[in-house]
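Residues per chain are reported as follows:
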Amino acid sequence: MKQVLNQITLVVRDYDEAITFYTQKLNFELLEDTPLSDSKRWVRVRPPGGEGCSLLLAKAVNKEQIASIGNQTGGRVFLFLYTDNIDRDLKHLLAENVKIKRGLSEESYGKVLVFEDLYGNLWDLIQPLETNL
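Cut-offs and rules
- Residues numbered from 1 in each chain as written.
- Predicted model: local features only at pLDDT ≥ 70, side-chain atom pairs only at ≥ 80, totals over all residues.
- Heavy atoms only, no water.
- Core = buried A, V, L, I, M, F, W, Y, C linked by side-chain atoms within 4.5 Å.
- Buried < 20%, exposed > 50% of the residue type's maximum accessible area, 1.4 Å probe, protein only.
- Helix = DSSP H or I, 4+ residues; strand = E, 2+ residues; numbered from the N terminus.
- Domains from an automatic or database assignment.
- Contact = heavy atoms within 4.5 Å.
- Pairing = 2+ DSSP bridges.
- Axes fitted to C-alpha atoms, helices over the stretch in contact; angles between N-to-C directions.
- UniProt positions renumbered as here; feature names shortened; annotations may be inferred.
- Polar contact = N/O pair within 3.5 Å; in protein donor to acceptor, adjacent residues only side chain to side chain.
- Phe/Tyr/Trp six-rings, centres within 6.5 Å; stacked < 30°, edge-to-face > 60°.

### Here we look at the nonpolar core
Counting 28 residues, the largest nonpolar core has Tyr22, Phe28, Leu55, Leu57, Phe115 and Trp123 as its most contacted members. Broken down by secondary-structure element, the contributors of at least two residues to this core are strand E1 (7-12), helix H1 (15-25), strand E3 (41-46), strand E4 (54-59), strand E5 (77-82), helix H3 (86-95), strand E7 (110-116) and strand E8 (122-128). No other element matches H1, which puts 5 residues into this core. Lining this core are residues from two domains, each supplying at least three of them: domain 1 (1-69) and domain 2 (70-132). In this view, phenylalanine 115 contacts Leu26, Leu93, Val98, Lys99, Ile100, Lys101, Asn121, Leu122, Trp123 and Leu125; residues no more than four positions away in its chain are not counted.

Now the structure itself:
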């Protein structure tokens, strides 16, 4: 049996501000932006050069969903983004004024830092010791 995690839903406040953040500040690719109704869109983004899992940006539509924006994991790191060059990516994040929550460190598995997306979700950016990206 083979299974692949295809996409993860990320609850957002606004489609366009989320697209701007992920495509401009994180350099993600906009894979799809399809209107489904007057208020709902199917919006998918993915890290550059990747063929893996994408993020489905889903606009919050009720109190419960609005309350989860930026806190989908109760304050823990939510997503883990691997890179082939963390120094390059850190410079880009800083140039784009992305908030770094924990600076660059070297761990047994590679280099890592923690940054915050526009809603406060925490991400690990990791350059593994051995990379097959």
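### Observations regarding the sheet that holds E1
If you walk across this open sheet you meet the 4 strands as E1-E4-E3-E2, and the pairing is mixed. Where the open sheet ends on each side, the last strands, each with one partner, are E1 and strand E2 (29-35). Neighbouring strand axes in the sheet, compared pairwise and without regard to direction, differ in orientation by 25 degrees on average. Alignment of E2 against E3, held across 6 bridges, turns out to be antiparallel. The residue bridging glutamate 29 from the neighbouring strand is arginine 46, located in E3.

### Considerations on the UniProt feature "domain: VOC" (unreviewed entry) in the protein chain
Residues annotated in UniProt with the feature "domain: VOC" (unreviewed entry) correspond here to residues 4-128. Structurally, residues 4-128 is divided into 22% helix and 42% strand, and its ends, taken at the C-alpha atoms, are 21 Å apart.

### Quick look at the side chain of arginine 44
Here arginine 44 is to be found in strand E3. Looking at arginine 44, its side chain comes within polar contact range of the side chain of serine 54, at 3.4 Å. If we ignore the near neighbours within four places in the chain, the residues touching arginine 44 are Gln7, Glu29, Leu30, Leu31, Glu32, Ser54, Leu55 and Leu56.

### Thoughts on the packing of aromatic side chains
The final tally for this structure, using the stated rule, is 5 aromatic pairs. Geometrically, the ring pair formed by tyrosine 22 and tryptophan 123 is tilted, given 6.1 Å between the ring centres and 45 degrees between the ring planes. With a gap of 101 residues between them, tyrosine 22 in helix H1 and tryptophan 123 in strand E8 connect regions that are remote in the sequence. Summarising the burial analysis for this pair, tyrosine 22 and tryptophan 123 share the class buried. When the ring of phenylalanine 28 is compared with that of tryptophan 123, the centres are 6.0 Å apart and the planes differ by 75 degrees; the resulting orientation is edge-to-face. Pair noted here: phenylalanine 28 is in the loop between H1 and E2 and tryptophan 123 is in strand E8, with a separation of 95 residues, a long-range link.

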